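# Chain and residue survey
Each chain is listed here by its residues.
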Amino acid sequence: MVRDSPKQQGNRKKLVAHLREKGIVDEQVLKAIGKVPRHLFLNSAFDKYAYEDRPFSIGAGQTISQPHTVAVQSELLQIKRGLKVLEIGTGSGYQAAVLHEMGAKVFSVERIKELYDRTGKLLPKLGYNVKTFYGDGNLGVPVWAPYDRIIITAGAPIIPEGLLDQLNPGGVMVIPVSNGDEEIMKTITKMESGELVMKEHGSFRFVPMLEDKDQ
Ligand code: SAH
């Protein structure tokens, strides 16, 4: 049975109000965050805190992103029902669940076996139909390419070329690019002509994107 108490539902509503105050305007994003039970993506020790606007440890030295960061990235993706989205960094599966809730077809790759195994079981259990992969996200997932949207949820030292090749014309990539101290959120839009248009959207903090699988 899914543990979702009135208290947790109330905390979720407060989180949505907080995100609205922080400037999130996409109603689809706010609705999805209002629905996805974030506490179930965390160890139950975090039950009380799960709807605070903070990242939390998910084991293996990784974190679930802060809700505001999830909201900003989801908003920048400009999701429409049925779009194919590739996520790099499945982690807890929370961001993937939010995108699924918004009607996207989500493909997500994770380089840490322990997280891939855990999240691959959790997502279907909670009713989220996300295709998960174990591998190095720098290489994307060529067998299912091209994608309409690509989201990177770890701080990238560079923009991986191979990933841009897997983006459809008209598509958008949302990527936090590290400058050594912090990550600058960037969107890269691939025009129908193939031309790439880059924009910056402020600074954030992410765990680093690493190369290769963990084993
Ligand atoms: N989207 C996740 C955020 C997890 S933090 C969530 O909602 O919980 C970033 C994740 O990216 C970590 O799980 C980390 O292991 C993963 N990661 C880092 N480098 C990667 C790479 N090259 N390929 C795939 N995943 C990677």
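Our subject is the structure that appears above.
A brief look at the structure comes next.

Conventions adopted
- Residues numbered from 1 in each chain as written.
- Predicted model: local features only at pLDDT ≥ 70, side-chain atom pairs only at ≥ 80, totals over all residues.
- Heavy atoms only, no water.
- Near = heavy atom within 4 Å.
- Polar contact = N/O pair within 3.5 Å; in protein donor to acceptor, adjacent residues only side chain to side chain.
- Areas by Shrake-Rupley, 256 points an atom, 1.4 Å probe, with all protein chains shown as cover.
- 1 Å grid on protein atoms, 1.4 Å probe; cavity = no way out; pocket = protein on both sides within 12 Å on 5 of 7 lines; lining within 4 Å.
- Sits in = over half its atoms within 2 Å of the grid points.
- Helix = DSSP H or I, 4+ residues; strand = E, 2+ residues; numbered from the N terminus.
- Buried < 20%, exposed > 50% of the residue type's maximum accessible area, 1.4 Å probe, protein only.
- Points joined across faces, edges and corners; volume = space filled by probe spheres on them.
- Nonpolar A, V, L, I, M, F, W, Y, C, P; charged D, E, K, R; others polar.
- Contact = heavy atoms within 4.5 Å.

## A short note on the site of the ligand
The environment of the ligand is made up of 27 residues, and the closest members are Gly89, Ser92, Glu110, Gly137 and Leu210. Within the contact set of the ligand, a nitrogen atom lies 2.9 Å away from a side-chain nitrogen or oxygen of glutamate 87. With respect to the ligand, the backbone of leucine 210 contributes an N or O atom lying 2.5 Å from a nitrogen atom. Within the complex, the protein chains bury 99% of what would otherwise be the 580 Å² of accessible surface of the ligand. In a pocket analysis with a 2 Å cut-off to the grid points, the ligand is assigned to the largest cavity. Residue assignment for the shell around the ligand shows that the elements contributing at least two residues are strand 2 (62-64), strand 3 (84-88), helix 4 (94-101) and strand 4 (105-110).

## Focus on unusual backbone geometry
The residue after alanine 145, namely proline 146, is reached through a cis peptide bond having omega 0°. Counting through the fold element by element, proline 146 comes out in the loop between strand 5 (131-134) and strand 6 (147-152). In this structure, alanine 60 is a non-glycine residue whose phi angle is positive, near 55°. By the secondary structure assignment, alanine 60 is in the loop between strand 1 (56-59) and strand 2. Unusually for a residue other than glycine, aspartate 212 sits at a positive phi of about 70°. Structurally, aspartate 212 can be placed in the segment after strand 9 (196-204). Here aspartate 212 falls in the partly exposed class, since its relative accessible area comes to 47%.

## Quick notes on empty space enclosed by the protein
Within the structure shown, the criterion is met by 1 cavity of 30 Å³ or more. Considered as a void within the structure, the largest cavity measures approximately 360 Å³ in volume. What lines the largest cavity is a set of 30 residues, and nearest its centre among them are Gly89, Thr90, Glu110, Thr153 and Ala154. Ranked by residues supplied to the lining of the largest cavity, first place goes to strand 2 with 3 residues. Split into classes, the residues belonging to the lining of the largest cavity amount to 13 nonpolar, 13 polar and 4 charged.

## Quick look at the side chain of glutamine 95
Residue placement: glutamine 95 occurs in helix 4. For glutamine 95, a relative accessible area of 6% gives the class buried. At 2.9 Å, the side chain of glutamine 95 and the side chain of serine 74 are in polar contact. Setting aside residues up to four positions removed in sequence, glutamine 95 forms contacts with Val70, Gln73, Ser74, Glu87, Ile151 and Thr153.

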